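# Architecture at a glance
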Amino acid sequence: MSKSWAIVNKLLPFSCVDGPGNRFVIFLQGCNFRCLNCHNPYTISLCKDCGDCVDTCPHQALSLKNNKVIWRADVCQQCDTCINTCSYNSTPMTYHYSVDDILKTIRKYLPFLTGITISGGEATLQLPFIQNLFNTIKQSDDLKHLTCFIDSNGYLAATGWQKVANVMDGAMIDLKAWNNQIHINLTGRDNKRVKQTIEYLSKINKLYEVRFLLIPKQTDLQDNAKNIANFIKNLNPAIKIRINAFHNHGVHGIAKTWEPATKQQVDIFATQLRHYGLEHITVPTIYL
Ligand code: SF4
Ligand code: SF4
């Protein structure tokens, strides 16, 4: 029996950057990477109910009951004091939503939606919920026109992807570095499985987009433009590529000191990828 509820960080009713068209996005809590450049580090861990943040809330929105932290969304002022207090990269402000809860919310926005995207954190850590949600969408007469996408770090093994392959329309996968050691330094995990995911999803025609985050002096993407282009080209030169530009707004720790990527750096990388044979490359329209 598939899991019928999820720990959710946020619902976004409309997004045009998380897959094709206008999408309802579900950000799940929890991640298996520890990216130094994470822009939402409070989405990394599940709350341990340690209680450290409870007394710091200036609006009495937090309390402890039976050793569990209770968050009152109705009095929360979104001041982020609790997030800044937490030393576990977590937040007390999460929701437990059932598949039915999510479907009820989706139906409110249905006339405006092209599809659903599950993001995170790392979406695939709650794979049984995704399976259940996507299955239900595909079997519902009023919802089955919605496309179902996953935005992922790519660490899920092929056996995991196989479980959702028949109900998932596509996936966006981040490749954060070409060299394995650089990937480990950036994320805490190796990139072998990420590359295998890209290969596997391409083979079964479920790879919607590969994403590259350009972080000057930290990633090795520009130095490996030829290797990256050959890797993608051998799978399918028509695979969509999205280049994102690093900015240090919202990041913590060492990444605060890293330089943002400039338009010029992004354009050079895009030109390199085109030169080596990739065709569909999207670059940012805004630089922070
Ligand atoms: S964001 Fe956190 S600290 Fe601020 S009001 Fe809400 S629960 Fe309290
Ligand atoms: S959000 Fe962090 S500080 Fe607050 S109870 Fe959970 S683990 Fe502790």
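Given the structure is predicted, the values throughout are model-derived calculations rather than measurements. (Residues numbered from 1 in each chain as written. Chains lettered and ligands numbered in written order. Predicted model: local features only at pLDDT ≥ 70, side-chain atom pairs only at ≥ 80, totals over all residues. Heavy atoms only, no water.)

## Looking at the overall build of the protein chain
Summing up its helical and strand segments, the protein chain has eight helices and 11 strands in all. For 288 residues, the compact-globule estimate of 2.2 N^0.38 gives 19 Å, and the protein chain sits close to it at 19 Å. Once the C-alpha set of the protein chain is aligned to its principal axes, its extents read approximately 60 × 50 × 35 Å. Within the protein chain, the fraction of its 288 residues that count as buried is 48%. Restricting to contacts in the protein chain with at least 6 residues of sequence separation, those with at least 24 account for 67%. Counting every atom, the protein chain has about 14000 Å² of accessible surface; 50% of that belongs to carbon and sulfur. (Helix = DSSP H or I, 4+ residues; strand = E, 2+ residues; numbered from the N terminus. Rg over C-alpha atoms; globule rule 2.2 N^0.38 Å. Buried < 20%, exposed > 50% of the residue type's maximum accessible area, 1.4 Å probe, protein only. Contact = heavy atoms within 4.5 Å. Areas by Shrake-Rupley, 256 points an atom, 1.4 Å probe, with all protein chains shown as cover.)

## Focus: the site of ligand 2
Near ligand 2 you find C47, K48, D49, C50, G51, D52, C53, V69, C86, Y88, T91 and P92, and these make up its full shell. Structurally, ligand 2 is housed in the largest cavity. Its residues assigned to classes, the shell around ligand 2 shows seven nonpolar, two polar and three charged. (Near = heavy atom within 4 Å. 1 Å grid on protein atoms, 1.4 Å probe; cavity = no way out; pocket = protein on both sides within 12 Å on 5 of 7 lines; lining within 4 Å. Sits in = over half its atoms within 2 Å of the grid points. Nonpolar A, V, L, I, M, F, W, Y, C, P; charged D, E, K, R; others polar.)

## Focus on the packing of aromatic side chains
Think of a pair of aromatic rings as described by two things: how far the centres are apart, and how the planes are tilted against each other in angle. In the structure shown here, the tally under the stated rule is 10 aromatic pairs. Ring geometry for F14 and Y109: centres 5.3 Å apart, planes at 85 degrees, overall edge-to-face. Of this pair, F14 sits in strand β1 (residues 5–15) while Y109 is found in helix α2 (residues 99–109), placing the two residues 95 residues apart along the sequence. Overall, F14 belongs to the partly exposed group, its relative accessible area being 38%. When its relative accessible area of 23% is taken as the criterion, Y109 is described as partly exposed. (Phe/Tyr/Trp six-rings, centres within 6.5 Å; stacked < 30°, edge-to-face > 60°.)

## A word on empty space enclosed by the protein
By rolling a water-sized probe across the atoms, one finds the places where empty space is left. For the structure on display, the rule yields two cavities of 30 Å³ or more. The computed volume of the largest cavity comes to approximately 100 Å³. Forming the boundary of the largest cavity are 15 residues, of which C47, C50, C53, C86 and Y88 lie nearest the centre. Its residues assigned to classes, the lining of the largest cavity shows seven nonpolar, five polar and three charged. If you trace the second largest cavity, you find 14 residues lining it, with C57, A61, C76, C79 and C82 closest to the centre. Here the lining of the second largest cavity is built from residues that sort into nine nonpolar, four polar and one charged. (Points joined across faces, edges and corners; volume = space filled by probe spheres on them.)

## Focus: the pairing of strand β7 (residues 147–152)
The buried count for β7 comes to five of six residues, which makes it a mostly enclosed element. Judged from the four bridges that link them, strand β6 (residues 115–119) and β7 form a sheet pairing that is parallel. Looking at the pairing, T117 lines up with F149 of β7. In terms of handedness, the path from β6 via helix α3 (residues 127–139) over to β7 forms a crossover that is right-handed. Bridging between β7 and strand β8 (residues 170–174) involves four bridges; their strand directions are parallel. Residue pairing in the sheet places F149 in a bridge with G170 of β8. Viewed along the sheet, the connection from β7 through helix α4 (residues 158–164) into β8 turns out right-handed. (Pairing = 2+ DSSP bridges. Right-handed = clockwise from strand over helix to strand, strands pointing away.)

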